[in-house]
Amino acid sequence: MILKMDRLPIELPTPKNPSPNSAAAVQELLGGKFGEMSTLMNYTYQSFNFRGRKKLRPFYDLICSIAGEEYGHIEVVSYTINLLLSGVTKRGIDPTVTPLANGTDARNTRHFIASGQTALPMDSQGDFWTGGNVFSSGNLKLDLLHNFFLECGARGNKMRVYEMVEDRTAREMVGYLLVRGGIHIVAYAKALEKLTGVDVTKLLPIPDLSNDAFPEAKKHMQNKVHLKLYTFSQEDYKQAGLIWTGTHPEDGQPLEFIQGSPEGFPAPDLDEEPQLNAPGADEIDPEMFADIAKKLGVKF
Ligand code: MN
Ligand code: MN
């Protein structure tokens, strides 16, 4: 079961240059083959499908812990897309002024037609994410090797999107996810080492460039964010800490294992886009719920 928090892992700044084409590029990090939906669903299915837990519990707990973290990653990428799309068309309720005219020049027209200028489960070319991106062979060595490869591929894609999009909202998100994805790369490398004796960390970093080249990632490294593995559970998945041991292969600092999750930050409150009728519901009386709360004696 999952327990949810109305929080994001980082505080996302408001874009300086909202842009539908930047948002379209960022979609790759959400619904691309190597995007956050893929990491989330790969580890989620591998955890549901894990056989032989009595013998291999630490590997099961590790995959479960990382799956929990990926949920917050699909959220933070989606909010980045939503913020990059906020205010990019003419706000108002008069349809005759062609308020969505900008949408015809945007690479992803579906952001304006199929959604309220918000994220969709698709890649940067507008192809919908598919369950075909999930690899869950049931063979632990193969699944871990796949996960290591998936995280390295994801890292490469993040770097390229960073190189395409200059806006601070996208770069804050990418910087943070480079660091957290780096944790997952090291975690799967350590899992493969525990399972086989092979020192996979010798391959790192893939791609070769260090996270230190990205200022928005470097600040998290300085705060030791790259050392902390969380269980994303209050009580469970403790044995992941039997794999997350020793030092970080890049800087030799001791790794930290934390039961629970980071505290997080409030999610941005997205402005209305009346020209899209998003959210609409203009007739609702804002006092209604305040009155009900008062009658129930609950805080509103
Ligand atoms: Mn991720
Ligand atoms: Mn990851």
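Above this text is the structure in question.
Presented here is a report on the structure given in the accompanying data block. (Residues numbered from 1 in each chain as written. Chains lettered and ligands numbered in written order. Predicted model: local features only at pLDDT ≥ 70, side-chain atom pairs only at ≥ 80, totals over all residues.)

1. Re helix 7 (residues 215-222)
The line we're drawing: To sort residues by burial, count the other C-beta atoms lying within 10 Å of each one's C-beta; a count of 20 or more means buried, 12 or fewer means exposed, and anything in between means partly exposed. C-beta atoms are built from the backbone. Only DSSP runs of H or I reaching four residues or more are called helices, and only runs of E reaching two or more are called strands; each is numbered from the N terminus. Read the arc as the range of directions from the helix axis to the C-beta atoms. Note that contacts rest on C-beta atoms placed from the backbone: two residues are in contact if these are within 7 Å.
Inspection of helix 7 places Glu 216, Ala 217, His 220 and Met 221 among the buried residues, and these make up the whole buried set. Relative to the axis of helix 7, the buried residues are bounded by an arc of 145° and lie together on one face. In helix 7, the exposed positions angled more than 90 degrees off the buried face are occupied by Pro 215 and Gln 222. Of the surrounding secondary structure, the elements contacted by the buried residues of helix 7 are helix 6 (168-196). Phi turns positive, to about 65°, at Lys 224, one or two residues after helix 7.

2. A word on the environment of Leu 62
Structurally, Leu 62 can be placed in helix 3 (residues 53-85). The exposure class of Leu 62 is buried, given the 29 C-beta atoms found within 10 Å. For the pair Leu 62 and Asp 123, spaced 61 residues apart in the sequence, the C-alpha separation amounts to 27 Å. Filtering out sequence-adjacent residues up to four positions away, Leu 62 remains in contact with Ala 187, Ala 191, Ala 240 and Ile 243.

3. A closer look at the environment of Thr 80
Note on placement: Thr 80 falls in helix 3. As for Thr 80 and Phe 128, which are separated by 48 residues in sequence, their C-alpha atoms are 18 Å apart. The contact partners of Thr 80, leaving out residues within four places of it in the chain, are Leu 12, Val 26, Thr 169, Ala 170 and Met 173.

4. Remarks on helix 6
For clarity, the threshold we go by: The length a helix should cover is 1.5 Å for every residue beyond the first.
The terminal C-alpha atoms of helix 6, which comprises 29 residues, lie 42 Å apart, in line with the 42 Å expected from a rise of 1.5 Å per residue. The element helix 6 is largely enclosed, with a buried count of 22 among its 29 residues. Immediately downstream of helix 6, the backbone of Gly 197 shows phi near 85°, a positive value.

5. What to know about the nonpolar core
Our working definition: In plain words, the nonpolar core is the set of buried Ala, Val, Leu, Ile, Met, Phe, Trp, Tyr and Cys residues that C-beta atoms within 7 Å link up.
Judged by nonpolar contacts, the single largest core of 67 residues is most densely connected at Val 26 and Ala 187. Looking at this core, the elements that each hand over two or more residues are helix 1 (20-31), helix 2 (36-48), helix 3, helix 5 (140-164), helix 6, helix 7 and strand 2 (228-230). Each residue touching Ala 187, except ones within four places of it in the same chain, is listed here: Leu 62, Ile 66, Leu 229, Ile 243 and Trp 244.

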